[in-house]
Amino acid sequence: MTRDVFVLVESNTTGTGRLFPAAARSLGLHPVLLAADPSRYASVGGAEVVRTDTDDVRAVVEACRGLAVGRRVAGVATSSDYYVETAAAAAVVLGLPANSPADLAGVRDKGTQRARLAAAGVRVPRFTVAGTVDEVLAAAAETGYPVVVKPVTGSGSLGVLLCADPEQAADHGRALFARGSDERGRAVPRRVTVEEFVSGAEYSAEVLDGTVAGITAKHLGAQPLFVETGHDFPAALAPAAREAVTEAAEAAVRALGIGLGPAHVELRLGPAGPVLIEVNPRLAGGWIPRLVREATGADLILATVAAFSGLPSPVAVTAARGAAIRFVVPAGSGRLRGVDGVARACAVPGVVDVEMYREPGAEITVSGDFRDRIGHVLARGATAAEAAVAAEEAVGHIAPSLVARQGVPA
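The residue count restarts for each chain, going from 1 along the sequence in the order it is written. Totals for whole chains, interfaces and linings use all residues, but because this is a predicted model, local features are given only for residues with pLDDT of at least 70 and pairs of side-chain atoms are given and counted only at 80 or more. Think of the side-chain values as coming from all heavy atoms in the structure, minus any hydrogens and water.

Student: Can you lay out the sheet that holds strand β4 (residues 73-77) for me, pointing to particular residues and giving the numbers?
Tutor: The sheet built from four strands is open, its strands ordered β3-β2-β1-β4 with parallel pairing. Edge positions in the open sheet fall to β3 (48-51) and β4, since each of these has one partner strand only. Direction aside, neighbouring strands of the sheet carry axes that sit 25° apart on average. Any two strands with at least two DSSP bridges between them are considered paired. Counting from the N terminus, the helices are the DSSP runs of H or I reaching at least four residues and the strands are the DSSP runs of E reaching at least two. Of the strand pairs in this sheet, strand β1 (residues 5-9) and strand β2 (residues 30-35) are connected by five bridges, and their pairing is parallel. By the bridge assignment for β2, Val7 is matched with Val32. Lines are fitted to the C-alpha atoms to define the axes, a helix being fitted only along its stretch in contact, and any angle between axes, read from their N-to-C directions, falls within 0 to 180 degrees.

If you want it as structure tokens, here you go:
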């Protein structure tokens, strides 16, 4: 094996993470996944897997140096929000393309991120960082209910709740402070943000190398949760609104120092214009890169691998269509008995992909975040609106059947 190596430090376990190895191979690179626990991954996209302590930058560097015997490591990156700092720190040691690990640490801490954006003049919700329940209640009283209370680290709407009153805010704050670790088993800071609730439609700007490549319209489930139930690309925005969202997103990534590779910038658009909700220093989840490719032909995953490997990373648009995805979200928890309607969903004109993430017999726990999604339908059309109609029709055919843990049908 003499090909240059592209190293992934862990990966997201759902969505487009498994597509990174194929993108690396298409650029003539040999993909390697460093993983502390390879059993976490049902699929690694054909990557070579090397067991490594991925919480230790030195271990990651040594693993990369071991891979470089007789060949060259061209880039080190990750598709997982949890490992962007580790990947960047290892890349810096190895002299490879990377954003500043210190800047990334500031981005991943939502309190620090908010403060940096506000200082740069980027409009964000009013917020307070709190470390105790009393501080949560004081901040909420000053901000005014309802408020959004969420952990300062994490992704996928984990731990995010709209709190309507002091009792709800105190209960949620107490629950977050009691969490010792995240879903990867890593220690989490004992801090939360208490934020003004910003009304308005939600969008995300998909940014590469500091430039917006497209804007996605987001669909959310019922409050007080913020589960994303679908996406449409490109978002149907008036020219002035599109320009305002683009300017806000690009100003945000400049302020945060994310000049290389992808950023997923979430905003809400209200009467006074866009408000930055969150910036993530990685590609979007929820299959949004697939939507972008279906709609425009542009491959953001390929461009991301190229960027972190020191290769040209232009976003080549070759089509002007629309795409939409809708997720299958069960109404409750229980054991998955089966799923009806998949064949009917596949037969809907415009549908190009239907996938269920769980097999019959799997235990389903509704948690109020991205983990609630057990499948998706993805459609393409002449416009995003046309694709959305097909996706809505298709997902309406899919009916998960669950049995509650007590043995009563859910």
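Student: Which residues make up helix α12 (residues 384-397), and what values go with them?
Tutor: For a helix, the expected span equals 1.5 Å multiplied by the number of residues minus one. With 14 residues, α12 should reach 20 Å at 1.5 Å per residue; the first-to-last C-alpha distance of 20 Å fits that figure. The complete set of buried residues in α12 reads Ala384, Ala387, Ala388, Ala390, Ala391, Ala394 and Val395. In a view along the axis of α12, the buried residues occupy a sector of 165°, so they form one face of it. Facing away from the buried side of α12, by more than 90 degrees, are the exposed residues Ala385, Val389 and Gly396. The criterion used for residue contact is that any of the two residues' heavy atoms lie within 4.5 Å. Buried-residue contacts for α12 involve β11 (228-233), β14 (322-328), α11 (342-346), β16 (351-356) and β18 (375-381). To sort residues, take the accessible area from a 1.4 Å probe on protein chains only and compare it with the maximum for the residue type: under 20% means buried, over 50% means exposed, and anything in between is partly exposed. To obtain the arc, one takes the directions from the helix axis to the C-beta atoms.

Student: Which residues make up the packing of helix α6 (residues 133-143) against helix α7 (residues 166-178), and what values go with them?
Tutor: Interhelical geometry of α6 versus α7 gives an angle of 140° and a closest axis separation of 9 Å. Between α6 and α7, the angle falls in the class oblique. The two elements α6 and α7 cross, and the hand of that crossing is right-handed. Of the residues in α7, those touching α6 at Val133, Val136 and Leu137 are Pro166, Ala169, Ala170, Gly173, Arg174 and Phe177. Residues are grouped as follows: nonpolar covers Ala, Val, Leu, Ile, Met, Phe, Trp, Tyr, Cys and Pro; charged covers Asp, Glu, Lys and Arg; every other residue, Gly included, is treated as polar. Looking at the contact of α6 with α7 residue by residue, the class counts come to seven nonpolar, one polar and one charged. Between 65 and 115 degrees an angle is taken as roughly perpendicular, under 35 as roughly parallel, over 145 as roughly antiparallel, and anywhere else as oblique. Take the far helix as the reference: if the near one is turned anticlockwise from it by less than a right angle, the crossing is left-handed, and if turned clockwise, right-handed.

Student: Please provide a residue-by-residue account of the pairing of strand β8 (residues 192-196), values included.
Tutor: Within a regular beta strand, the side chains point alternately toward one face of the sheet and then the other, so they alternate between its two faces. Counting buried positions along β8 yields four of five residues, so the element is predominantly enclosed. With four bridges connecting them, strand β5 (residues 127-130) and β8 associate as antiparallel partners. Of the residues in β8, the one forming a bridge with Val129 is Thr193. Summarising the sheet, strand β6 (residues 147-151) and β8 pair through five bridges and their orientation is antiparallel. Within β8, the position partnered with Val149 by the bridge is Val194.

Student: Explain the sheet that holds strand β7 (residues 161-163) to me, using residue names and the numbers behind them.
Tutor: Here four strands make up an open sheet; going across it, the order is β5-β8-β6-β7 and the pairing antiparallel. Every other strand in the sheet has two partners, leaving β5 and β7 as the edge strands with one partner each. Across this sheet, the average inter-strand angle for adjacent strands is 25°, counted without regard to direction. Here helix α5 (residues 110-119) sits on the sheet in contact with β5, β6 and β8, set at roughly 150° to β5. Against the sheet, α6 engages β5, β6 and β8, with an angle of about 15° to β8.

Student: Describe the side chain of Ser79, naming the residues involved and giving the relevant values.
Tutor: Among the secondary structure elements, Ser79 is positioned in the loop between β4 and α3 (84-93). Take Ser79: its relative accessible area is 9%, and that puts it in the buried class. Polar contact is defined as a pair of N or O atoms within 3.5 Å, subject to the rule that within protein one atom must be able to donate a hydrogen and the other to accept it, and that residues adjacent in sequence are counted only when both atoms are side-chain atoms. Among the polar contacts listed, one links the side chain of Ser79 to the side chain of Ser11, at a separation of 3.2 Å. In terms of polar contacts, Ser79 uses its side chain to reach the side chain of Asn12, at 2.7 Å. Apart from the residues within four sequence positions on either side, Ser79 is in contact with Leu8, Glu10, Ser11, Asn12, Gly17, Phe20 and Arg282.

Student: Please set out the packing of helix α4 (residues 101-108) against α5 residue by residue, giving values where relevant.
Tutor: Between α4 and α5, the shortest axis-to-axis distance is 5 Å and the interhelical angle comes to 100°. If you check the angle between α4 and α5, you find them roughly perpendicular. Of α5, the residues touching α4 (which contributes Asp103, Gly106, Val107 and Arg108) are Lys110, Thr112, Gln113 and Arg116. In the contact of α4 with α5, the residues fall into one nonpolar, three polar and four charged.

In short, the description is geometric, and any link to function would need to be established separately.
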